[in-house]
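Here is how the chains run, residue by residue.
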Amino acid sequence: MQAVIMAGGKGTRLRAITNDEIPKPMAPVAGKPILEWQIECLRRQGITDIVMITGHLGHKIREYFENGARFGVAIQYIEETTPLGTAGALSMVPQLLTGNSFFLVFGDVLFDIDLIRMERFHRERKALATLFVHPNVHPFDSDLVVCDENGKVLKFDSKHNVRNYWYHNCVNAGFYLMNRSICEKVPDNTKVDLEKELLSSLISEGQPIYGYHSPEYIKDVGTVERIQKAEGELTSGFIRGRCLNQKQKAIFLDRDGTINKKNGLVYQEDQFELEDCAVEAIRKINASGYLAIVVTNQPVVARGLCEVADVERIHQKMETLLGQKGVYLDEIRFCPHHPDRGYPEENPAYKIPCHCRKPDIGMLEDCAAAYNIALEESWMIGDTTVDIQTGKNAGTKTALVLTGDAGNDKKYNVTPDLVCQDLLEAVNKILT
């Protein structure tokens, strides 16, 4: 597998660092150029054949990296003599490719990703292109990616749209795995936008374009402030620790009564109201290295009160409200089943026993497999004895919050590791 790095940016917003003397991808982060951090990550995972597309002050990149031998890789160069947008230079790439697919990386992105997992996803879906997608802290001013339940990209939701609707916090991170045939669709010497023109056209044709969802670290470091923050995250080990080839820790969160107020059976979006402390609690999880994952029973589907799409819309509201405050959830899983029959309006398709309904641990096991989570190093937080029993069954540590049901459901005789007034107190105690 090869990697193609788009390294032609000027870096106007980084002028305080570059002084217009080096191109943006050469801006130093914790003592090394952004490009060097990228190459180190690629090399660690066996990708040593790199094509670098240079433009503004490209000779500075060539002088520093030369043929790549000093850095344990082999680098070939393509010079973009006139700006061709984010995809125009792809027409020149096939002559240097040795295989049928390649990773495409933008030169102002800092990342540490388990590339083997991403490649497996790409191959299993026979994708033409796979986009790395993730939640971020500012979805309200980001272009969003809308995917179906299997990850196929349906459309892009531009940040310039008037969003008078709820949405999933799913953002294109600027990191791709592509088949070389895509390059043949780019006309020579033509300025082309990768997302708005090339990929959007392929999506409209129904081509297999997929979004690979992952909580791993990947950020555009194209401003001075972002570089300063990234330096701390690098030196603390936060970035390396989020790579999914490292064991992860998660804080699993119940929804109703824990994150949002217990307004009976919540089956309409108007019933959903965040607990006062939820935003600050999740903000602390986001900064901690733990994954923030919701696992919730939603028998409202089985009882016929709403459809799966209605639960998804409630979750879109939750993600939108959290995103407006600069916090995010790494994953949301819900069980729509309920085994007991007898409700007049019930949906028989969901009136079945299952492995996902808490206190069974199917949702936690699925997340553990997807994100390489060590359950014994993780926590389950909820407002019922069902949540505590779920954590016990999965081998996590447990915290009961005194919001919602406050443990008064009395379904299981279990003792949590922590009893806390609310989600924020639980998170604070876990992190200290």
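In what follows, the structure referred to is the one given above.
On a predicted model such as this, the values are computed, not experimentally measured, just so you know.

S.K.: Which parts of the structure should I look at to understand the overall build of the protein chain?
M.R.: When helices and strands are counted, the protein chain shows twelve helices and 19 strands. Taken over the C-alpha trace, the protein chain has a radius of gyration of 23 Å; the compact-globule value for 432 residues is 22 Å, and the two agree within 12%. Viewed in the frame of its principal axes, the protein chain has a C-alpha envelope of about 70 × 45 × 35 Å. Out of the 432 residues in the protein chain, the part that is buried amounts to 55%. Partitioning the intrachain contacts of the protein chain with sequence separation of at least 6 by distance along the chain shows that 71% fall at a separation of at least 24. Of the side-chain charges in the protein chain, 49 are positive and 59 negative, and the distance between the mean point of each set is 2 Å.

S.K.: Got a minute to help me understand the pattern of salt bridges in this structure?
M.R.: Side chains carrying opposite charge are able to pair once their charged atoms draw close together. In the structure shown here, the tally under the stated rule is 24 salt bridges. For aspartate 108, the salt bridge identified is with lysine 24, shortest N-O distance 3.1 Å. Of the two residues, aspartate 108 is situated in the loop between β6 (101-106) and β7 (109-112) and lysine 24 in the loop between α1 (15-18) and β2 (28-29); the sequence distance between them amounts to 84 residues. Each member of the pair, aspartate 108 as well as lysine 24, carries the same accessibility label: buried. Residues arginine 283 and glutamate 280 are paired through a salt bridge, measuring 3.3 Å at the closest nitrogen-oxygen approach. Taken as a pair, arginine 283 and glutamate 280 lie in helix α8 (residues 278-288) at a separation of three residues, close to a single helical turn. Using a relative accessible area of 35% as the deciding quantity, one classes glutamate 280 as partly exposed. Look at the salt bridges and you will find they share partners, linking Arg44, Asp112 and Arg240 into a network.

S.K.: Explanation requested: the pairing of strand β14 (residues 250-253) in the structure shown.
M.R.: Regular strands place their side chains on alternate faces of the sheet. Neither face of β14 is open: one carries Ala250 and Phe252, the other Ile251 and Leu253, and all of them are buried. Strand direction decides the pairing type here: β14 and strand β15 (residues 291-297), joined by four bridges, are parallel. Its bridge partner lying in β15, isoleucine 251 is registered against alanine 292. In this region the chain leaves β14, passes through α8 and returns to the parallel neighbour β15; the handedness of that crossover is right-handed. Bridging between β14 and strand β17 (residues 379-382) involves three bridges; their strand directions are parallel. Across the sheet, phenylalanine 252 pairs through a bridge with methionine 380, a residue of β17.

S.K.: Any chance you could explain the packing of helix α2 (residues 34-44) against helix α3 (residues 58-65) here in plain terms?
M.R.: A pair of packed helices can be characterised by two numbers: the angle between their axes and the separation between those axes. Where α2 meets α3, the closest approach of the two axes is 11 Å, and the angle between their N-to-C directions is 50°. Of the possible angle classes, the one that applies to α2 and α3 is oblique. Of the two possible hands of crossing, α2 and α3 adopt the one that is right-handed. Facing α2, whose interface residues are Leu35, Glu36 and Ile39, α3 presents Ile61, Tyr64 and Phe65.

S.K.: How do you make sense of the sheet that holds strand β19 (residues 418-420) when you look at a structure like this?
M.R.: In a beta sheet, neighbouring strands are held together by backbone hydrogen bonds and run either parallel or antiparallel to one another. Overall, parallel pairing links the six strands, which are arranged β16-β15-β14-β17-β18-β19 in an open sheet. The open sheet has two edge strands with one neighbour each: β16 (331-335) and β19. Looking at each pair of strands side by side, their axes are set apart by 20° on average, direction ignored. Pairing between β15 and β16: five bridges, direction parallel. Within the sheet, the bridge partner assigned to asparagine 297 lies in β16 and is cysteine 335. Across the sheet, helix α12 (residues 423-431) is in contact with β14, β17, β18 (397-401) and β19; its angle to β19 comes to roughly 140°.

Definitions and cut-offs
Residues numbered from 1 in each chain as written. Predicted model: local features only at pLDDT ≥ 70, side-chain atom pairs only at ≥ 80, totals over all residues. Heavy atoms only, no water. Helix = DSSP H or I, 4+ residues; strand = E, 2+ residues; numbered from the N terminus. Rg over C-alpha atoms; globule rule 2.2 N^0.38 Å. Buried < 20%, exposed > 50% of the residue type's maximum accessible area, 1.4 Å probe, protein only. Contact = heavy atoms within 4.5 Å. Lys, Arg positive; Asp, Glu negative; His and termini not counted. Charge placed at Lys NZ, Arg CZ, Asp CG, Glu CD. Salt bridge = Lys/Arg side-chain N within 4 Å of Asp/Glu carboxyl O. Pairing = 2+ DSSP bridges. Right-handed = clockwise from strand over helix to strand, strands pointing away. Axes fitted to C-alpha atoms, helices over the stretch in contact; angles between N-to-C directions. Parallel < 35°, antiparallel > 145°, perpendicular 65-115°, else oblique. Left-handed = near helix turned anticlockwise from the far one by under 90°.

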